[in-house]
Amino acid sequence: MTDTDWTPLFLLRTVLFPKALLGLRIFEPRYLDMISASLRQGRDFGICLSHSWGDGHAEPELVGTLARIVDWGGEAGVLQIQVQGQERFTIQDWRYDGLLAVASIHRWVAEPIVPMRRENEVLRPILEDLIGKVPATEIDASSAGMILAQALPASPEEKQQLLVIQDPMERLRRIADLLGQHGGA
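Nothing here was measured: the structure is a model prediction, and the numbers come from that model.

## Some points on the side chain of Ser38
Within the fold, Ser38 resides in helix α1 (residues 29–41). Since its relative accessible area comes to 8%, Ser38 is described here as buried.

Spelled out as structure tokens, the structure:
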């Protein structure tokens, strides 16, 4: 896929982080069609935090995350999928194609792989609860921050702020601050 392709967007009141998992219940026809096409074509789609304007249309935040379907199932009229966050992207241009938002995107480069520091050890027990003890001891700062941010009990706007941070150590520091504010660390 090149940056000039139009990527379908799933506009939600939630944020998806790279490397993190997110479960979704799909029942709107436009999104059922989008997911079906994504599965058939083996293409990722974008997930963006949205702001609704009350007229049935929403406007995406300009930074989102590509989503890859890793599991799916469901029942008549409702599809349940699990997606894993891939690369972050910036929307260069977007529009509605019928009822579905699509965007021309620019993919972000991956963050550097750096180890977690001693000051981040307060977050390790939470990581162990989320991904297990062994994986939590071997995880890098970027992956840890993305997984913790996905699970964080914070507002979508606070999570969006964490998504746009490009320094893994700064993201971990902000997560620890937010956990302290919300009574979690």
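Here the narrative resumes.
## Quick notes on the confidence of the model for the protein
When pLDDT is averaged along the protein, the result is 91, and 93% of the positions lie at 70 or above. Within the protein, the element-level pLDDT minimum falls on helix α3 (residues 133–138), averaging 87, and the maximum on helix α5 (residues 156–164), averaging 97.

## Some points on the environment of Ile26
Examined against the element boundaries, Ile26 turns out to sit in strand β2 (residues 21–26). Given the relative accessible area of 1%, Ile26 is considered buried. Distance from Ile26 to Leu79, taken between C-alpha atoms, is 4.9 Å for residues 53 residues apart in sequence. Excluding residues within four positions of it along the chain, Ile26 makes contact with Phe10, Tyr31, Leu32, Ile35, Gly77, Val78, Leu79 and Ile81.

## Considering the pairing of β2
The alternating pattern of β2 places Leu22, Leu24 and Ile26 on a buried face and Leu21, Gly23 and Arg25 on a face that is not buried. In terms of strand pairing, β2 meets strand β6 (residues 78–97) through six bridges, oriented antiparallel. What sits directly across from Leu24, in β6, is Ile81.

## Observations concerning unusual backbone geometry
Of note in the backbone geometry, Lys19 takes a positive phi value of approximately 75° without being a glycine. Mapped onto the elements of the fold, Lys19 is located in the loop between β1 (6–12) and β2. Relative accessible area serves as the criterion here: at 35%, Lys19 is assigned to the partly exposed category.

## Overview of the packing of aromatic side chains
Aromatic ring pairs are defined here through the distance separating the ring centres and the angle between the ring planes. Evaluated as defined, the whole model comprises three aromatic pairs. Measuring from centroid to centroid gives 6.4 Å for Phe10 and Phe45, while their planes differ by 40°, and the two rings are tilted. Taken together, the residues span a long stretch of sequence, with Phe10 in strand β1 and Phe45 in strand β3 (residues 45–52) at a distance of 35 residues. Ring plane angle 70° and centroid distance 5.5 Å describe the contact between Trp94 and Tyr96, whose orientation is recorded as edge-to-face. A relative accessible area of 23% means that Tyr96 is categorised as partly exposed. Among the aromatic residues, those joined into a cluster by ring pairs are Phe10, Tyr31 and Phe45. A cation sits over an aromatic face here: Arg95 above Trp6, 4.0 Å from the ring centre.

## Focus on the packing of α5 against helix α6 (residues 168–181)
Two numbers describe how α5 lies on α6: the axes approach to 10 Å, and their chain directions differ by 165°. Considering their axes alone, α5 and α6 lie roughly antiparallel with respect to each other. Note on packing geometry: the crossing formed by α5 with α6 is right-handed. Only Arg171, Arg174, Ile175, Leu178 and Gln181 of α6 make contact with α5, whose side of the interface consists of Glu158, Leu162 and Leu163. Partitioning the contact of α5 with α6 into residue classes produces four nonpolar, one polar and three charged.

## Quick word on α1
A rise of 1.5 Å per residue sets the reference length of α1, with its 13 residues, at 18 Å; its end C-alpha atoms lie 18 Å apart and thus fit the reference within 8%. Listed in full, the buried residues belonging to α1 are Tyr31, Met34, Ile35, Ala37 and Ser38. Projected onto a plane normal to the axis of α1, the buried residues spread over an arc of 160° and lie on a single side. Of the exposed residues in α1, the ones pointing more than 90 degrees away from its buried face are Pro29, Asp33 and Arg40. The secondary structure elements touched by the buried residues of α1 are β1, β2, β3, β5 (63–75), β6 and β7 (100–107). A positive phi of about 65° marks Gly42, the residue just after α1.

Here is what the cut-offs are and how they apply
- Residues numbered from 1 in each chain as written.
- Predicted model: local features only at pLDDT ≥ 70, side-chain atom pairs only at ≥ 80, totals over all residues.
- Heavy atoms only, no water.
- Helix = DSSP H or I, 4+ residues; strand = E, 2+ residues; numbered from the N terminus.
- Buried < 20%, exposed > 50% of the residue type's maximum accessible area, 1.4 Å probe, protein only.
- pLDDT = per-residue confidence, 0-100.
- Contact = heavy atoms within 4.5 Å.
- Pairing = 2+ DSSP bridges.
- Phe/Tyr/Trp six-rings, centres within 6.5 Å; stacked < 30°, edge-to-face > 60°.
- Lys NZ or Arg CZ within 6 Å of the ring centre and 35° of its normal.
- Axes fitted to C-alpha atoms, helices over the stretch in contact; angles between N-to-C directions.
- Parallel < 35°, antiparallel > 145°, perpendicular 65-115°, else oblique.
- Left-handed = near helix turned anticlockwise from the far one by under 90°.
- Nonpolar A, V, L, I, M, F, W, Y, C, P; charged D, E, K, R; others polar.
- Expected span 1.5 Å × (residues − 1).
- Arc of directions from axis to C-beta.

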